[in-house]
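Inside the fold
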Amino acid sequence: MSEPSRPDRKGQPTEGGSREHDGSAAPLRSPWPPLAVLLLVAAASTFLVGHSFRFLAVVYRPGDVAQEDVKAAADFLVVDAEATARRQRDAELAAPSVYDFDSTALDAALKVLQDALDPLSARRLPGEGGSRRSVERLLGLSLPVRADRLLATPAARAAVVEEVRAVLQGPYTRGVVANRTLLTAEGRRGVVVRDLVTRQETSLAGPEAVEDFDEIRRRLERSAADDATAALAGRVAASLLRPNLTYNGEETAARRARVRQGVGSVVYKVRRGEMLVREGDRVSAGQAERLRAHAQVAASGRGGSGWVGLYLVVALSLAAVYEFGRFNVKKFRFAPRDLAFLGLVLVLWLALERAGLVVASGLSERVAALPRSAVLYALPMGAAVMAVRVVLNSETSLLFALPFCALAALSWERSALAFFYFLVGGLVGAHRVARACRRVDFLRAGLWMGLSQAALTWGYALLDSDALGAPVLWNAGGALLGGISSGFFALSVIPLAEVVFSYTTDMRLMELASLDHPLLRSLMLRAPGTYHHSLVTGSLAKSAAEAIGARALLASVAACYHDVGKLSKPDYFIENQVGGGNRHDKLAPSMSGLILASHVKEGVDLARRHRLGRDIADIIQQHHGTSLIHYFYSKARRQARPGLDEVQESNYRYPGPKPASREAALVLLADAVEAASRTLPDPRPARIQGLVQTIVNRVFTDGQLDECTLTLQDLHEIARSFTRILNGIHHQRIDYPLSAQKDRKLDGDLDPKRLDRGRDRRAGVAAAAGESLRRLGM
């Protein structure tokens, strides 16, 4: 139940845990429709963005005479080749050298010694000095005559081996380098020691931490002569000694090359409008480099390769955001309808920006004091993020804002400042417009967005040390106007989204909550019991939704309409049977079950006919889930003939589906709890609490909440909220004492016959309550 939603489950989560459904059908499982939408949106965005920064560029070679003034048509970066090469050389010289450390050198040396001594144990060498000469031949060294005695027995040979191990272990542990002088020179940049066995790398503390090969060998050869075994071991160890810390020139060169490649280029920025070369000037090498970079910026908007590259960048960016949201953001909306809406908003606002760029260029040429940036700041770009927030949810609006703001910045100035301008403004507006139910809420959100954008333009001016100039004031005014106009634009887009894509926003829910709606008026007149039940259910659902952070307005309005299907046969539902017989007494249990279950389908049809929206239609369809109609199922089992009639439980269950959103689950629980609370003959707080807990537990154990994201903590809060509301509805009143004489004069309430009739009525109410409890399966 508390498992987060997955893409392959039925429905996508929305704000407050709600999900999108098309009737009872699961969302499209094939990835091709979403992929097709992404590719089409990427193509349209590429077309709009690519055309926004195409311009002709002039290129001269060093020494040429410029035939015209050339100004930068856009901001661009120029690589300083000389400074870059200097930085790369410095980084390469500072890279440490790599030395390989062989931790198996001691074992290898002892193995060579053991291989030389093994033949002495296998056979007896004839003649004086046979052992010594055999070892000399195998090890390539000269031994004294007394070595024959030291190598004559296995114990003596083992002692020599252990002595050699003790002699070599220290140097090999510290590391034996062939040339410590070279190591000292390399140590000025640093030395990295790489263990060939473990592949671990450490930094060498200093050259004095290792042994020089020549020094340690001379020291071993001059071992103390008073101990024959030690002297022999020293000579053998000197012959076996090999450097185990060696310079790896190939790895060092490779690492220095990677360091060189990793050094970023030294660039400087050329501003839009900056003079690159004047007419009649002889072009210098630096000017030629700037002209070449300027031409590259121009070429990026022309040619097949440029278009393909831009399309790949846009398509991959959109796909990355889509995949991340689909698998990592629980409330991300990725149904085909949602993707179509997001793509349409993205393309329309990029087209609006494209038109704004043309208008801005024309106005800035005609009005010298008006900077082009001020006109661009006045564009209502934040309205796109606001519209997505209102129609879908905050998580989706955030994921939408990232590629949208990046593309808008790419189309405008291709700078990080433009990206942050669009992003901050859009997020501020989306935050302020959350839960907007009135038109004035959009205007307030637009004002907040305009103020934040104006503050950003002032911050950008401070970066350029120009905080009080006239262009700054123009830009701030344009940014304020852009925020306010974004509120108007977002307000105009919401109704279109509701009509074209059948979305149910909070503004639409406020309209549906009006008691003058035709469906509610019909329910009030033709099924007053159902109407009152729906209003109380709406209060319960709204209180519970506020307690768990779900969409309270959606839950409340959907609860008001959840039983509109009963309008087709209102007299067949007990809350509308006033003063008459029960229509079901003359029907078979199976027929009664069909009539009760049919109000779900009738309600969905009425919701679609009256354009209540998909969210409400889904809740109407799911407000009973697949729960069992207990009363008629039990009645059918009682009337069935043993061995002849088979009563299948599936025939007495609602068609479903189960609630797929938290709001639908709240309506289901509120519906059951409200109906059950009417059957309590003595609605004391303890009884109400027990009833609520029983209903919630029964719904939970029946598996009706398996498809939604309610947690056990949510169920606890829901039960507590239901109990509080029902205690307020069924509150106790005190008995007002009346004098017997006055009471007799008024209406004779103390007449014994009337008291008997009152007691009979209370007994009848208790009996009816028990029957109603059985109808609810309790």
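Here the structure is a predicted model, which means the values were calculated and not measured. (Residues numbered from 1 in each chain as written. Predicted model: local features only at pLDDT ≥ 70, side-chain atom pairs only at ≥ 80, totals over all residues. Heavy atoms only, no water.)

1. Concerning the overall build of the protein chain
Put simply, the rule is: Numbering of helices and strands runs from the N terminus, with a helix taken as a DSSP run of H or I at least four residues long and a strand as a DSSP run of E at least two residues long. Throughout, exposure labels follow a simple rule: accessible area from a 1.4 Å probe, protein chains only, divided by the maximum for the residue type, with under 20% read as buried, over 50% as exposed, and the rest as partly exposed. Whether two residues touch is decided by their heavy atoms; if any such pair falls within 4.5 Å, the residues are in contact. Note on areas: Shrake-Rupley with a 1.4 Å probe; residue coverage comes only from the protein chains shown.
Of the regular secondary structure elements, the protein chain holds 31 helices and twelve strands. A total of 778 residues make up the protein chain; the buried ones form 47% of that total. Long-range contacts, defined as pairs at least 24 residues apart, comprise 77% of the intrachain contacts of the protein chain with a sequence gap of at least 6. For the protein chain, the exposed surface amounts to about 38,800 Å²; the carbon and sulfur share of it is 57%.

2. Considerations on the pattern of salt bridges
Put simply, the rule is: Here a salt bridge means any side-chain nitrogen of Lys or Arg lying within 4 Å of a carboxyl oxygen belonging to Asp or Glu.
Applying the stated criterion across every chain yields a total of 27 salt bridges. Across the salt bridge formed by Arg 255 and Glu 201, the nearest N and O atoms sit 2.3 Å from each other. Of this pair, Arg 255 sits in helix H10 (residues 249-262) while Glu 201 sits in strand S8 (residues 201-203); the two residues are 54 residues apart in sequence, bridging distant segments of the chain. You can call Glu 201 partly exposed: its relative accessible area is 41%. Its salt-bridge partner being Arg 684, residue Asp 682 comes within 2.9 Å of it at the nearest N-O pair. Here Asp 682 falls in the partly exposed class, since its relative accessible area comes to 28%. Its relative accessible area of 42% is what places Arg 684 among the partly exposed residues. Among the charged side chains, a salt-bridge network with shared partners connects Asp 100, Arg 194, Glu 201, Glu 251, Arg 255 and Arg 258.

3. Thoughts on the packing of helix H27 (residues 662-677) against helix H28 (residues 685-701)
How two helices pack is summed up by the angle between their axes together with the distance between the axes. How we decide: Helix axes are fitted to C-alpha atoms over the stretch in contact, other axes to C-alpha atoms as well, and angles between N-to-C directions run from 0 to 180 degrees. For this classification, under 35 degrees means roughly parallel, over 145 means roughly antiparallel, 65 to 115 means roughly perpendicular, and everything else is oblique. The handedness criterion is simple: a crossing whose near helix is rotated anticlockwise from the far helix by less than a right angle is left-handed, and one whose near helix is rotated clockwise is right-handed. When residues are sorted by character, Ala, Val, Leu, Ile, Met, Phe, Trp, Tyr, Cys and Pro go into the nonpolar class, Asp, Glu, Lys and Arg into the charged class, and all the rest, Gly among them, into the polar class.
Two elements in contact, H27 and H28, have axes separated by 10 Å at closest approach and are oriented at 140 degrees. By the angle between their directions, the pair H27 and H28 is classed as oblique. Here H27 and H28 pass one another in a crossing that is right-handed. Contacts between H27 and H28 pair Leu 668, Leu 669, Ala 672, Val 673, Ala 676 and Ser 677 from the former with Leu 691, Val 692, Ile 695, Val 696 and Val 699 from the latter. Among the residues forming the contact of H27 with H28, the class breakdown is ten nonpolar, one polar and no charged.

4. Regarding a nonpolar patch on the surface
Threshold: For patches, a residue must show more than 30% relative accessible area and have no salt bridge; joins then use 9 Å for like charges and 5 Å for nonpolar side chains, namely Val, Leu, Ile, Met, Phe, Trp and Tyr.
Taken together, the side chains of Val 440, Leu 443, Leu 447, Trp 448, Leu 451, Ile 484, Phe 488 and Phe 489 present a nonpolar region at the surface, about 690 Å² in accessible area. At the level of secondary structure, the elements contributing two or more residues to the nonpolar patch comprise helix H18 (439-463) and helix H19 (470-501). Tallying contributions element by element places H18 first for the nonpolar patch, with five residues. Within the secondary structure, Leu 443 is located in helix H18. Here Leu 443 falls in the partly exposed class, since its relative accessible area comes to 35%.

5. Some points on the environment of Tyr 631
By the element assignment, Tyr 631 lies in helix H26 (residues 630-639). Spatially, the C-alpha atoms of Tyr 631 and Gly 593 are 9.0 Å apart, while their sequence positions differ by 38 residues.

6. What to know about the side chain of His 584
Formally: We call two N or O atoms a polar contact when they sit within 3.5 Å, provided that within protein one can donate a hydrogen and the other can accept it, with sequence-adjacent residues counted only if both atoms are side-chain atoms.
Within the secondary structure, His 584 is located in the loop between helix H23 (552-561) and helix H24 (589-609). The class for His 584 is buried, based on a relative accessible area of 4%. Of the polar contacts made by the side chain of His 584, one reaches the backbone oxygen of Tyr 572; its length is 2.6 Å. Every residue in contact with His 584, bar those within four places of it in the chain, is listed here: Tyr 572, Gln 577, Ser 592, Leu 596, Phe 632 and Lys 635.

7. Thoughts on the pairing of strand S4 (residues 76-79)
Rule in force here: Strands were regarded as paired on the criterion that DSSP finds at least two bridges between them.
Of the two faces of S4, only the one carrying Phe 76 and Val 78 is buried; Leu 77 and Val 79 on the other face are not. Strand direction decides the pairing type here: S4 and strand S11 (residues 267-270), joined by four bridges, are antiparallel. The residue of S11 that forms the bridge with Phe 76 is Val 270.

8. Points about the confidence of the model for the protein chain
The condition that has to hold: Per residue, pLDDT measures the predictor's confidence, with a range of 0 to 100.
Per-chain confidence: the protein chain averages 79 in pLDDT, with 80% of residues scoring 70 or above. Below a pLDDT of 50 lies the segment residues 124-129, which in the model reaches seven contacts outside its immediate sequence neighbourhood of four places, other chains included. Long-range and interchain partners of residues 740-751, a stretch whose pLDDT sits below 50, account for ten contacts in this model, where long-range means more than four residues apart.

9. Observations concerning helix H16 (residues 394-412)
Rule in force here: Residue count minus one, scaled by 1.5 Å, sets the expected span of a helix.
Along its 19 residues, H16 runs 26 Å from first to last C-alpha, staying within 8% of the 27 Å computed at 1.5 Å per residue. With a side-chain oxygen positioned 3.3 Å from the backbone nitrogen of Glu 395, the residue opening H16 is Asn 393.

10. Comments concerning the packing of helix H15 (residues 382-391) against helix H17 (residues 416-432)
Packing of H15 against H17 brings their axes to within 8 Å, and their N-to-C directions diverge by 35 degrees. As for how H15 packs across H17, the hand of that crossing is right-handed. Counting all contacts with H15, which are made through Gly 382, Val 385, Met 386 and Arg 389, the residues of H17 involved are Gly 426, Gly 429 and Ala 430. Looking at the contact of H15 with H17 residue by residue, the classes come out as three nonpolar, three polar and one charged.

11. Observations concerning the side chain of Asp 563
In this structure, Asp 563 sits in the loop between H23 and H24. At a separation of 3.3 Å, a polar atom in the side chain of Asp 563 contacts the side chain of His 599. For Asp 563, the residues in contact, after removing those within four places along its chain, are Leu 523, Thr 530, His 533, Ser 534, His 599, His 623 and Asp 671.

12. A look at the packing of aromatic side chains
Rules: A pair of Phe, Tyr and Trp rings is counted when the ring centres sit within 6.5 Å of each other, with Trp represented by its six-membered ring. The angle between the planes then sorts it: under 30 degrees is stacked, over 60 is edge-to-face, the rest tilted.
One pass over the structure, following the stated rule, counts eleven aromatic pairs. Each ring, one from Phe 400 and one from Phe 404, has its centre 5.3 Å from the other, and the planes form 15 degrees; the classification is stacked. Of the two residues, Phe 400 and Phe 404 both sit in helix H16, four residues apart, roughly one turn of that helix. With a centroid separation of 6.1 Å and an interplanar angle of 35 degrees, the aromatic rings of Phe 501 and Tyr 503 are classed as tilted. Cluster of aromatic residues (ring-pair linked, three or more members): Phe 341, Phe 501 and Tyr 503.

13. Focus: the environment of Leu 525
Take Leu 525: it is sitting in helix H21 (residues 518-526). Counting along the chain gives 42 residues from Leu 525 to Leu 567, while the straight-line C-alpha distance between them is 9.9 Å.

14. Description of unusual backbone geometry
Between Gly 656 and Pro 657 the backbone carries a cis peptide bond, its omega angle lying at 5 degrees. Here Pro 657 lies in the loop between H26 and H27.

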